[in-house]
Amino acid sequence: MSFRKFQRPFAFLFILMVVTGCANQRPSRLIAQTMAPARTDQIEATHEIFIATNRAAAEEPGELFSGRRLAHQGAPKAAFAHVDVSIPKVHETGKLELSPNPAVADPARYFTAQQAVLYPDASDFEAALRKSIASHGGRALVFIHGYNTGFDDAVYRAAQIFNDADYSGTPIMFSWPSAGRMLDYVYDQNSATTARDALEETLRLVVRAGAKRIDIVAHSMGSWVTMEALRQLAISGDRDLGGRLADVVLASPDLDIDVFKSQMRRYGVPKKTFLILTSQNDRALTLSGFIAGNQPRLGDYSDAKELTNLGVVVVDVTKVSSGDWLNHTKFAENPILVRLLGERLSSEGNLNARDHDAVAGKLETLVRGLGQTVGTAADIVITTPLTVIDLATGPVRR
């Protein structure tokens, strides 16, 4: 490796360390000490988010779970809770309005955890989940967050995605023990590995709770946890959860490309839509690849055709804008992408060439409806196992 090739990512790493080291991170706290009053007309929605996690319990006031790992010796694989999160009426699609002082909640202006419930065991959680799933037509969405994510931030990000995607099913978040610190990459990677059994058991619990359709959305390093759990399901002979597993979306997956290929060979060609959201300007994945020995990551891999040979659909969002300077959370922060994610999860069929007109039409409608210059049809290229769907020009047969 030449010094010039080494110099650029090292310089980026150094700058990132300085920036994150000097920045004042938002304090971690989920339940505020005091809450300002808010009128009903100041609240857009309140979401009851069910939570399964292998994080250890927190000791700090106002927190539920920490970045430490749940001990396995004589203990359950996961802990369970639900949190009611209100969304302010002033919320803008794709944004996450958080209080600068989490000890003081203001539901009229910020995302607010109204209340939290801890379940003593899995059976109580399953009973509550069964009621919610039944009331939502048997649909459930499991969201798995990424690297450098504290528990409170994971809860609020989940609420934002469920709200902005306008998902109609039961919202569930699986939270693995990320330390929530930028420089704890190796710790987070190992923590993600410890979570695969707990995620597998969580997916089986959702089935037992009566879900007829289970969608999965995983972000960043959460894609590693997800793929390992899916691989384990495949080895057990139940890779699609008895036919209940529907769409799987890996957004900006921080996952070694060779590891992903081996996981997919074990998993097999998916029966339902399996989406990979990639971006060639994802700075977080550039850094991740450097840390991993300059190994390509799935989320910025450029050979879409090679990936579709595994039976997946690749959605290239390189040209799509994002409020995140790392370009790592486009799927949640770009209003068009998060709305299209909701449209995809509401669809019953697989994504293929025949969907071009429908997808392009929905995209342009969303652009006009949002009244913002945040994207056009030309910004997204979808590659399926049979067809490249350039939303600017239409399907192109290979």
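Reading guide: rules and limits
Residues numbered from 1 in each chain as written. Predicted model: local features only at pLDDT ≥ 70, side-chain atom pairs only at ≥ 80, totals over all residues. Heavy atoms only, no water. Buried < 20%, exposed > 50% of the residue type's maximum accessible area, 1.4 Å probe, protein only. Helix = DSSP H or I, 4+ residues; strand = E, 2+ residues; numbered from the N terminus. Pairing = 2+ DSSP bridges. Right-handed = clockwise from strand over helix to strand, strands pointing away. Contact = heavy atoms within 4.5 Å. Core = buried A, V, L, I, M, F, W, Y, C linked by side-chain atoms within 4.5 Å. Polar contact = N/O pair within 3.5 Å; in protein donor to acceptor, adjacent residues only side chain to side chain. Salt bridge = Lys/Arg side-chain N within 4 Å of Asp/Glu carboxyl O. Arc of directions from axis to C-beta.

**Student:** Which residues make up the pairing of strand 9 (residues 170-175), and what values do they have?
**Tutor:** Within strand 9, six of the six residues are buried, leaving the element largely enclosed by the surrounding structure. Residue alternation in strand 9 divides its side chains into two sets, Thr 170, Ile 172 and Phe 174 and Pro 171, Met 173 and Ser 175, and both sets are buried. Sheet topology places strand 2 (residues 43-53) next to strand 9; four bridges connect them, and they run parallel. Paired with Ile 51 across the strands is Met 173, a residue of strand 9. Direction of pairing for strand 8 (residues 139-144) relative to strand 9: parallel, over a ladder of five bridges. Looking at strand 9, one finds that Ile 144 is bridged to Phe 174. Crossover handedness for the path strand 8 to helix 3 (residues 151-164) to strand 9: right-handed.

**Student:** Could you give an account of the pairing of strand 5 (residues 79-88), with specific residues and numbers?
**Tutor:** Of all the ten residues making up strand 5, ten are buried; the element is thus mostly covered by neighbouring parts of the structure. Residue alternation in strand 5 divides its side chains into two sets, Ala 79, Ala 81, Val 83, Val 85 and Ile 87 and Phe 80, His 82, Asp 84, Ser 86 and Pro 88, and both sets are buried. Here ten bridges tie strand 2 to strand 5, and the two strands are oriented antiparallel to one another. The residue bridging Glu 48 from the neighbouring strand is Asp 84, located in strand 5. Pairing of strand 5 with strand 7 (residues 112-119), which is carried by seven bridges, proceeds in the antiparallel orientation. The partner of His 82 across the bridge, within strand 7, is Val 117.

**Student:** Account for the environment of Gly 311, with residues named and values stated.
**Tutor:** Within the secondary structure layout, Gly 311 lies in the loop between helix 9 (304-308) and strand 13 (313-316). Not counting the four nearest positions on each side in its chain, Gly 311 is found in contact with Val 269, Pro 270 and Pro 385.

**Student:** Can you break down the nonpolar core residue by residue, with the values?
**Tutor:** Of all hydrophobic cores here, the largest spans 56 residues; its most connected members are Leu 129, Phe 174, Leu 230, Leu 250, Phe 260 and Phe 274. In terms of residues, this core owes the most to one element, helix 6 (residues 222-235), which gives seven residues. Those residues in contact with Phe 274 that lie beyond four places of it in its chain are Met 227, Leu 230, Val 248, Leu 250, Met 264, Val 312 and Val 313.

**Student:** For the side chain of Ser 66, give the residues involved together with the corresponding values.
**Tutor:** Assignment of secondary structure puts Ser 66 in strand 4 (residues 65-69). Classification of Ser 66 as buried rests on a relative accessible area of 9%. There is a polar contact of 3.1 Å between the side chain of Ser 66 and the backbone nitrogen of Arg 68.

**Student:** Tell me about the pattern of salt bridges, and name the residues and values.
**Tutor:** With the rule as written, the count across this model stands at 16 salt bridges. Between Arg 196 and Glu 228 there is a salt bridge, with the nearest N and O atoms lying 2.7 Å from each other. On the criterion of sequence distance, the pair formed by Arg 196 in helix 5 (residues 196-208) and Glu 228 in helix 6 is long-range, its members being 32 residues apart. With a relative accessible area of 27%, Arg 196 lands in the partly exposed category. Looking at Glu 228, the relative accessible area reads 8%, which means it is buried. Put simply, Arg 139, Arg 213, Asp 215 and Asp 247 are held in one network by salt bridges that share partners.

**Student:** I'd like a description of helix 4 (residues 185-194), backed by residues and values.
**Tutor:** Burial in helix 4 covers these residues: Tyr 185, Asp 188, Ser 191 and Ala 192. Buried residues of helix 4, viewed axially, fall in a sector of 120°; they line one side.

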